[in-house]
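# Examining the three-dimensional arrangement
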Amino acid sequence: ANLTTPAIGPTESSQADDHFDTKLYEATGSTLNITGINFQPDWIWAKRRDGIQEGRMTDSVRGVNAQLRPAATNVETTFTNAVTSFNSDGFTLGADTGPGSQSFNYYTDSHVAWLWKAGGSASSNSNGTITSSVSANQDAGFSIVSYTGTGSNGTIGHGLSSAPESIWIKARTRAEAWLVYHKFDGGTDGRSFLNLDVPNAKFDNGPGSYFQDTPPTASVFYQNTSSYNQNTDTYIAYCFHSVEGYSKLGSYVGNNSTDGPFSFTGFRPAFLLLKRADNSASWLIYDNKRDTYNQMQYALFPDNANAEYTSNLLHVDFLSNGFKIRNATYGETNASSGVYIYLAFAEAPFKFANAR
């Protein structure tokens, strides 16, 4: 009773699943309406579960037909029969003749879609020296930012009320790796980065780095003359910061034990993204819809096309106030002294959460 009541939670007008949710669906090959979501999604990240296929991302800022692949450096592609509309309670998929890397709805495939609410239609943001187009959900600490590169040092407005703790940037019009800034990766803040499309360790971009050696502020993030600010090229950025009882970004150190490290998030997680930062290891995603009880084992890999992992060797527990690693087999989650970053979203805040 003495715990702070979070602004997003059961006693408030806004619930966790008003901002983020996970949806499982079976493809039909025909027009398919996905419903049952408490909001109109602005970002859809979908991944096939039962076979080899890269994930796909669509958002309301770039438009329903524009797709990016988190496991690839490819430019943005247009596919008119993937997501055809963002709806008030979900989204619609077009008839799909797949299979292929663009397929959201190829006949009989099993998929998971992770859905985020941003701020709806994007607005012009001139907080930085480079004007951006931003859809921001300040209450939930998430924004989608589109900008056009200038080829000169500059700043870009992100639309949030606090400094982002993680920013994912992808060039839309040129082949380029995904750049991931994560404040807690153990490197020099503003100079240390990861790539979403490969399992590589973090790297220090050195003096004059992508972010001009400067962490984001409460209004802008920095860009230099690098690959992520080339003149006339267009870019998309996804920005996140922690919100008490709803989302958490952080890190932990592995111990190579089945009694693995516990990370306090302040809520029972609904979604967990993990990555070893100090060495090469795949990115991993767990969620509460594919794994409904502990120990959880059904990981998906954002950086490759592999099907859902079901080999019983990457155990994680979702707890009422965080998560606990339960394996000592692979370096992906619990190498001795390994540094791991995470991004988690809530099912229920700790003040109201039960154990699973």
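See the structure printed just above.
None of these values were measured; they are calculated from a predicted model.

## Considering the pairing of strand β11 (residues 132-137)
Sheet topology note: the strand β10 (residues 123-125)/β11 ladder contains 3 bridges and is antiparallel. Bridging from a neighbouring strand, S123 pairs with V134 of β11. Two successive antiparallel strands, β10 and β11, enclose a turn made up of 6 residues. For β11 and strand β12 (residues 142-148), the ladder comprises 6 bridges, and the chain directions are antiparallel. If you follow V134 over to β12, its bridge partner there is V145.

## Re the packing of aromatic side chains
Taken as a whole, this structure holds 35 aromatic pairs when the rule is applied. Between the aromatic rings of W168 and F240, the centroid separation amounts to 5.2 Å while the plane-to-plane angle is 55°, which identifies the pairing as tilted. Of this pair, W168 sits in strand β14 (residues 166-171) while F240 sits in strand β19 (residues 234-240), placing them 72 residues apart in sequence. Like F240, W168 is buried. It is R56 that lies over the ring of F104; its NZ or CZ is 4.5 Å from the centre.

## Quick look at the sheet that holds strand β21 (residues 262-264)
Strand order in the open sheet formed by 3 strands is β21-β25-β24, and the pairing between neighbours is antiparallel. Looking along the sheet, the strands with just one partner apiece sit at the ends: β21 and β24 (316-319). Each strand axis lies, on average, 15° off the axis of its neighbour in the sheet, ignoring direction. Pairing of β24 with strand β25 (residues 322-325) involves 4 bridges; the strand directions are antiparallel. Following the sheet pairing, F318 is matched in β25 by F323.

## Some remarks on the sheet that holds strand β8 (residues 90-93)
Taken in spatial order, the 3 strands make up an open sheet running β2-β8-β7, and their pairing is antiparallel. Edge strands, defined here as strands with exactly one partner in the open sheet, are β2 (32-34) and β7 (83-87). Looking at each pair of strands side by side, their axes are set apart by 15° on average, direction ignored.

## Thoughts on the nonpolar core
Generally speaking, nonpolar side chains in soluble globular proteins are found buried as a group. In terms of nonpolar packing, the biggest core is built from 56 residues, with W43, W168, Y238 and Y286 touching the most fellow members. Residue contributions to this core peak at 7 residues, all from strand β26 (residues 339-349). By size, the runner-up hydrophobic cluster in this structure holds 20 residues, among which are I130, L160, A177 and F211.

## Description of the side chain of H158
Examined against the element boundaries, H158 turns out to sit in the loop between β13 (154-157) and β14. Here H158 falls in the buried class, since its relative accessible area comes to 0%. Polar side-chain contacts of H158 include one of 3.0 Å to the backbone nitrogen of L160.

## Re unusual backbone geometry
The step from N294 to Q295 runs through a cis peptide bond, and the omega angle for that step is 0°. Position of Q295 among the secondary structure elements: in the loop between β23 (284-287) and β24. Even without a glycine there, the phi angle at N256 is positive, about 55°. Here N256 lies in the loop between β20 (247-253) and β21. Looking at N256, the relative accessible area reads 42%, which means it is partly exposed.

Rules of the game
- Residues numbered from 1 in each chain as written.
- Predicted model: local features only at pLDDT ≥ 70, side-chain atom pairs only at ≥ 80, totals over all residues.
- Heavy atoms only, no water.
- Pairing = 2+ DSSP bridges.
- Helix = DSSP H or I, 4+ residues; strand = E, 2+ residues; numbered from the N terminus.
- Phe/Tyr/Trp six-rings, centres within 6.5 Å; stacked < 30°, edge-to-face > 60°.
- Buried < 20%, exposed > 50% of the residue type's maximum accessible area, 1.4 Å probe, protein only.
- Lys NZ or Arg CZ within 6 Å of the ring centre and 35° of its normal.
- Axes fitted to C-alpha atoms, helices over the stretch in contact; angles between N-to-C directions.
- Core = buried A, V, L, I, M, F, W, Y, C linked by side-chain atoms within 4.5 Å.
- Polar contact = N/O pair within 3.5 Å; in protein donor to acceptor, adjacent residues only side chain to side chain.

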